[in-house]
Amino acid sequence: MKSFSGISWLDFPRQHFDRIREEILSKGKDYILKIDEDEFIEYLIEKYRLEPLQIHLETESISEPKKEIETVRDDWGRYFDAEVYYFTVSYQFTGSEELFFVQSNPTTYISYDIEVKNNRVSFSFSIYKQNVIEFNKAKSNAYSYAFNDLERINNNVQSIKGFENAVKTAFQNEKNKFKRENDFFTAINVNVNKDTESVFSIPTITKKDIPQPTVSKNKEFSSEPTMAIEMYRDVLKVIYDLGKSMEKKPSTYQNKDEEALRDQILLFLETRYDGTTATGETFNRGGKTDIILKYANDNSNVFVAECKFWHGTSEFLKAISQLFDRYLTWRDSKVALILFVTNKDFSNVLSIIKDEVINHEYYVSSNGEKGESSFSYVFRLPQDKNKKVLLEIIAFHYDK
């Protein structure tokens, strides 16, 4: 199918949102009135959220060429038989695959035949000579034609505002219609959902391919493992989503200490990523840190995290110092500080975090926010001012 040549972006968001409404309506009145509202809305948001496309060039795979004999015409109009080599090149990608076939706005009307399958996107091309220069030129041209509008469609996706609120509103609108209908039926003595004992569950979302650690190909003399930024974001999202879910269920955190809460996070991390092991209370540099993801092949670190209960500004800044002074080596570049907040005034604590973190001696810059209580920063190592570290500070409200 031709890349970026299907439905126009001018029509796609409306069509996409129609699919959300159709799924809500397809569940029926009984389901919508009885399902856990927050969980079902979260399911819809996760399923239908549009993620920008990213092609991972380091995953390039070139298939063995197919050789055929074809009749071709030269510049002087003469025909002759020639060997033609057909190549297929594929890449792993992340993002919403349907975007490959949406016409961006604006568009260049340049496209190319591509195939999208199993989180890989591929295209084919041919050459007539066993010539490296001709091969590279043909591959480069095909890639340019195939993905010419990728940046434009990503810009379109990033222009969407208020998606989560729109999903919530759509669900509430349908639920309110069903409520009004039931109220009307009750008023005229029509039996509504008599003797129903139905128990409903949230549909299961087929998860996208989870980013995995890779060995850098750019380091000539080192095979030091690195955590791709996609995997780092995924780790942070797993922790953030788990922590938010526990906030709704006090029994999961009541009367539990740091170690017990940490173990619940480890339970999710230790089986999620191929090629890694997740451990708790693991010795690293100058002490035992709470969570470490290690590359299984050589036991090298790819992610380090520390868990703490909130005990005020002073202890918060000390926790950062402890993480950097005692636990991080020069090769640790992606870390997190997870805070369990028991204070009633959670908003005040979040304000303190954002106001005070910039006063830490290792602070370099802010790096955005991944959620209402997940904040991204760039810090430096104490022993090397030029070595930058990505630090995520994640806070959860466990006040019951």
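Here goes a summary of the coordinates provided. None of the values given here were measured: they were computed from a predicted structure. (Residues numbered from 1 in each chain as written. Predicted model: local features only at pLDDT ≥ 70, side-chain atom pairs only at ≥ 80, totals over all residues. Heavy atoms only, no water.)

So, about the side chain of Ser96. Of note, Ser96 is situated in the loop between strand E3 (79-94) and strand E4 (115-117). A polar atom in the side chain of Ser96 sits 2.8 Å from the backbone nitrogen of Glu51. Once residues within four sequence positions are removed from consideration, Ser96 is found in contact with Arg49, Leu50, Glu51 and Leu53. (Helix = DSSP H or I, 4+ residues; strand = E, 2+ residues; numbered from the N terminus. Polar contact = N/O pair within 3.5 Å; in protein donor to acceptor, adjacent residues only side chain to side chain. Contact = heavy atoms within 4.5 Å.)

Glancing now at unusual backbone geometry. The omega torsion of the bond from Asn105 to Pro106 falls at 0°, within 30 degrees of zero and hence cis. Checked against the element boundaries, Pro106 lands in the loop between E3 and E4. Non-glycine residue Asn118 carries a positive phi angle of around 50°. By the element assignment, Asn118 lies in the loop between E4 and strand E5 (120-127).

Taking 1.5 Å per residue as the helical rise, helix H8 (residues 258-269) with its twelve residues ought to reach 16 Å, and the 17 Å between its terminal C-alpha atoms agrees with that figure. Looking at H8, one finds that the buried residues are Leu261, Arg262, Ile265, Leu266 and Leu269. Taken down its axis, H8 places every buried residue within 145° of arc, on the same side. (Expected span 1.5 Å × (residues − 1). Buried < 20%, exposed > 50% of the residue type's maximum accessible area, 1.4 Å probe, protein only. Arc of directions from axis to C-beta.)

We now examine the packing of helix H1 (residues 12-26) against helix H3 (residues 37-48). Between two packed helices, both the angle of their axes relative to each other and the distance between the axes serve to describe the pair. Packing of H1 against H3 brings their axes to within 11 Å, and their N-to-C directions diverge by 145°. Of the two possible hands of crossing, H1 and H3 adopt the one that is right-handed. When H1 is examined against H3, the residues His16, Arg19, Ile20, Glu23 and Ile24 are found in contact with a partner set consisting of Phe40, Tyr43, Leu44, Lys47 and Tyr48. (Axes fitted to C-alpha atoms, helices over the stretch in contact; angles between N-to-C directions. Left-handed = near helix turned anticlockwise from the far one by under 90°.)

A separate point is the pattern of salt bridges. By the definition in use, this model includes 23 salt bridges. Lys248 is paired through a salt bridge with Glu42; the nearest N and O atoms lie 3.5 Å apart. Here Glu42 lies in helix H3 and Lys248 lies in the loop between helix H7 (229-247) and H8, a separation of 206 residues in the sequence. With a relative accessible area of 39%, Glu42 lands in the partly exposed category. Among the charged side chains, a salt-bridge network with shared partners connects Arg14, Asp18 and Arg21. (Salt bridge = Lys/Arg side-chain N within 4 Å of Asp/Glu carboxyl O.)

Position of Leu53 among the secondary structure elements: in the loop between H3 and strand E1 (54-62). Spatially, the C-alpha atom of Leu53 lies 6.5 Å from that of Asn154, the residues being 101 residues apart in sequence. The contacts of Leu53, once residues within four sequence positions are left out, are Phe4, Phe93, Thr94, Gly95, Ser96, Glu97, Leu99, Phe100, Leu150, Ile153 and Asn154.

All chains considered together, the criterion is met by 27 aromatic pairs. Plain terms: the ring middles of Phe4 and Phe100 are 6.1 Å apart, the flat faces sit at 50° to each other, and that makes the pair tilted. With Phe4 in the segment before H1 and Phe100 in the loop between E3 and E4, the pair connects residues that are 96 residues apart, well separated along the chain. What makes Phe4 buried here is its relative accessible area of 2%. Clustering of aromatic rings is evident, with ring pairs tying together Phe4, Tyr91, Phe93, Phe100, Tyr112, Phe123, Tyr143 and Phe147. Between Lys27 and the ring centre of Tyr31, over which it is positioned, the NZ or CZ distance is 5.6 Å. (Phe/Tyr/Trp six-rings, centres within 6.5 Å; stacked < 30°, edge-to-face > 60°. Lys NZ or Arg CZ within 6 Å of the ring centre and 35° of its normal.)

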